[in-house]
Amino acid sequence: MKPVYGLLDINNCFVSCERAFNPSLENVPVLVLSANDGCAIARSSEVKALGIKMGDPHFKIARLCEDNAVRVLSSNFALYCGMSMRLMAEIQELVPAAEQYSVDEVFIDLTGMPGDLGEYCRGIRKAIRRNLGLPNCVGTGPTKTLAKLANQLAKKSKAADSVVDLAGHPEWVEKALERTSVGDVWGIGAASAAKLSKVGVLTALDLSRLDDRTVSRLLGVSGVRTAGELRGVPFYEVETQPEPRQSCMVSRSFGNPTGDFEMIREAVIVHATAAAEKLRGESLVAGALTVFCETPRFRKDLLQKNVSAIARLMPPTSDTLRIVKAAVSALKAAWEPGPWLYGKAGVLMADLCLASNVSGDLFMQPEKKPTPLMDAMDRLNSRFARGTVTLGTTSKTSSWRPRADNLSADWISDWSQIPVAVAKPPQS
DNA sequence: TCTGGGGTCCTAGGACCC
DNA sequence: TCTGGGGTCCTAGGACCC
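What you see is a predicted model, and the numbers here were worked out from it, not measured in a lab.

Student: Mind laying out the overall build of chain A, listing which residues take part and the relevant values?
Tutor: For chain A, the count of helices and strands is 13 helices and twelve strands. Over its C-alpha trace chain A gives a radius of gyration of 24 Å, about what one expects of a compact globule, namely 22 Å for 428 residues. Across its three principal axes, chain A shows a C-alpha extent of roughly 75 × 65 × 50 Å. Scored against the burial criterion, the 428 residues of chain A give a buried share of 45%. Partitioning the intrachain contacts of chain A with sequence separation of at least 6 by distance along the chain shows that 69% fall at a separation of at least 24. Carbon and sulfur atoms provide 54% of the accessible area of chain A, an area that totals close to 22900 Å². Charge-centre separation for chain A: the mean point of 51 positive side chains lies 3 Å from the mean point of 46 negative side chains.

Student: With reference to specific residues and values, describe the protein's contact with DNA strand C.
Tutor: Taken together, 13 residues surround DNA strand C, and among them S102, D104, K148, G187 and S192 come closest. In DNA strand C, atoms within 4 Å of the protein come from the sugar-phosphate backbone in 100% of cases. Side-chain polar atom of S102 to a sugar or linking oxygen of DNA strand C: 3.0 Å apart, as the coordinates give it. Contact distances for DNA strand C include 3.0 Å between a phosphate oxygen and a backbone N or O atom of G189.

Student: I'd like to hear about the layout of surface pockets, residue by residue, with values.
Tutor: Computed from the structure, the second largest pocket encloses a volume of approximately 1100 Å³. Lining the second largest pocket we find 29 residues, and of these I10, N11, N12, K48 and K155 sit closest to its centre. Counting only elements with at least two residues in the lining of the second largest pocket, the list comes to β1 (5-10), α1 (13-21), β3 (40-43), α2 (45-49) and α6 (144-156). Considering every element that reaches the lining of the second largest pocket, the biggest residue donor is α6, with five residues. Considering only residue class, the lining of the second largest pocket consists of ten nonpolar, seven polar and twelve charged. Taken domain by domain, the lining of the second largest pocket gets at least three of its residues from each of domain 1 (5-10 + 79-230) and domain 2 (13-76).

Student: Give me the sheet that holds strand β12 (residues 342-354): which residues, what numbers.
Tutor: Across a sheet, paired strands are connected by hydrogen bonds in the backbone, their directions being either parallel or antiparallel. Spatially, the four strands line up as an open sheet ordered β9-β12-β10-β11, and their pairing is antiparallel. Two strands lie at the open edges of the sheet, namely β9 (248-258) and β11 (306-317), each paired on one side alone. Geometrically, the sheet is characterised by an average inter-axis angle of 15° between neighbouring strands, direction not taken into account. Here β9 runs beside β12; their pairing, made up of seven bridges, is antiparallel.

Student: Could you give an account of the pattern of salt bridges, with specific residues and numbers?
Tutor: Considering all chains together, one arrives at 16 salt bridges under this definition. R299 serves as the salt-bridge partner of D301, at 2.9 Å between the closest nitrogen and oxygen. Its salt-bridge partner being K305, residue E336 comes within 3.1 Å of it at the nearest N-O pair. Of this pair, E336 sits in the loop between α12 (320-334) and β12 while K305 sits in the loop between β10 (284-294) and β11, placing them 31 residues apart in sequence. Relative accessible area serves as the criterion here: at 33%, E336 is assigned to the partly exposed category. Through salt bridges with shared partners, a single network forms among E119, R122 and D161.

Student: How would you summarise the protein's contact with DNA strand B if you had to cite specific residues and measurements?
Tutor: Near DNA strand B lie 24 residues; those nearest to it are R225, R245, M249, S253 and R299. Of all DNA strand B atoms lying within 4 Å of any protein atom, the proportion belonging to sugar or phosphate reaches 75%. R225 has a polar side-chain atom sitting 2.5 Å from a phosphate oxygen of DNA strand B. Of all elements in the fold, only α3 (58-67), α10 (212-230) and β9 reach the threshold of two or more residues within the surface near DNA strand B. Top element by residues in the surface near DNA strand B is β9. It accounts for six residues.

Rules behind the numbers
Residues numbered from 1 in each chain as written. Chains lettered and ligands numbered in written order. Predicted model: local features only at pLDDT ≥ 70, side-chain atom pairs only at ≥ 80, totals over all residues. Heavy atoms only, no water. Helix = DSSP H or I, 4+ residues; strand = E, 2+ residues; numbered from the N terminus. Rg over C-alpha atoms; globule rule 2.2 N^0.38 Å. Buried < 20%, exposed > 50% of the residue type's maximum accessible area, 1.4 Å probe, protein only. Contact = heavy atoms within 4.5 Å. Areas by Shrake-Rupley, 256 points an atom, 1.4 Å probe, with all protein chains shown as cover. Lys, Arg positive; Asp, Glu negative; His and termini not counted. Charge placed at Lys NZ, Arg CZ, Asp CG, Glu CD. Near = heavy atom within 4 Å. Polar contact = N/O pair within 3.5 Å; in protein donor to acceptor, adjacent residues only side chain to side chain. 1 Å grid on protein atoms, 1.4 Å probe; cavity = no way out; pocket = protein on both sides within 12 Å on 5 of 7 lines; lining within 4 Å. Points joined across faces, edges and corners; volume = space filled by probe spheres on them. Nonpolar A, V, L, I, M, F, W, Y, C, P; charged D, E, K, R; others polar. Domains from an automatic or database assignment. Pairing = 2+ DSSP bridges. Axes fitted to C-alpha atoms, helices over the stretch in contact; angles between N-to-C directions. Salt bridge = Lys/Arg side-chain N within 4 Å of Asp/Glu carboxyl O.

What follows is the structure, encoded as C-alpha cells:
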C-alpha cells in the first residue's frame, strides 16, 4: 500500500498559545521574544505584515513595535511545552500513528485512510482548534517532504482553507513544486540554496528534476534524499517510537555579562540541576558532561573568549548531587579569568543511555534508578511548581538571570496561577 | 546598551592499526 | 626527487531543523 503522510502544525505557535489564554491579544499585533528578550521568535500575522522577520533583534525593532502598538511578550516555555503535550495527546486520540516532530509540528500516518483525505484532515484541524484553541494547518503528501511542502502552501493560500491534500491530488504536485522556492524545501538551507542557484536551480521543481549525480556533488547524500522525496519516493518514515536522544543541553545568556566566578558558578549549578531533571524525566543517565562559558558573540568590539571542560560520570548518572558536583569541578577546570566578561554559560550532558540499559562490571555498580531523594524532589516540583525544591540557595534576582520583562502567567503549570473563569447569570 | 536555545546528521581529516 | 594500501574510530566543524 502506498504510504500517505500528513503534517499538522500550529500557526504562529507561541503567539497562538498566548492568545488561547488571553483574548485581549486577538486581532492585535503580537510578538514573542526569545529567552533574555533577545530577538523575535514568533510573530502574529499583523507583526509579519509590519516586515518584522524571524530572528530580528529586539533592540532594532523596538521603535517599530512601539509605533504600532505591538504587544511584545517574553517567551513562556512552560506554557508552550504544556500546550505541545496537550496537542500530542489530542492528535493521538484522532489518528492511529503520530510523531511529534517539534514543539508545534506533528507528522501523522494517513496510509490506507478511506474516504476523502482532505475532508478528514479538515476534521482533525477543527478538533484541535476547538479543543485547544490553537489555529493550525495540515498538508498531506506521498512523502514527508511533500507533506511539509503542502503544509506551507496551506498556510499561504486562503483558498486552501488551511488544508492542502497533495496525496489525494497527485496532479497538483508539479504546480506545488513550481510555486515553492528551493530554499523553502525542508532540508535545503541557505548554504545549499546558494549553491543550487549558481547552477540555475531556483524552485523545488528544478531540484526534483536535477540528476542525482549533480545533487550528490552539490549537497551530499542528504540532498539526494530530499530530491527523491520531492519526486514522491519516500525515504523518511513516521517514527512513532522516537530513539532516545544522544545529548541534552541547558544554557542561557546572562541578563548582564559578568566576570565574577561565583555568579557564573551559581548559573552553572542552576543549569546542571535542570539538566539532571530532564534526564530523569526521560529515564536517561549521562556518562559525561561539558561545562562551557562564552563571551557575547555578536559584540565584535569586545574581547572574545570561549572556555569549556569535560567531566566523566562513572557510573553514568542522573543524580542532581553528582551532576552538580561534576559540573562545578569542570567549571573550575575551564575557568579563565580575564578582562573579558562572560555572557553565557551552559551544561551539555553527553554519552546518554537509558538507565535500564547500563550494565555494571567488577568495579562499577550501575545506577538503575534515581535515589529516593531525587524521586521526592521530582514529585514535589511536578506537583506544585518548577523550582519548589532546589539544591542550596540561589537568588531569583542574580544579575546572571535572563531578562523576561513581559512574561505571561504559568496558566497551566502552576496551581497558584490558574486563570479564574467567572460565569455570570443571563441578563433577564 | 541591546542579537535564543536545543537538537540531529554528515563529512573531512587525523590518529592508529595491520 | 621518488617511502603502501586499507581499514576503523574519533573529533571538529558545517549544515540543517524548529
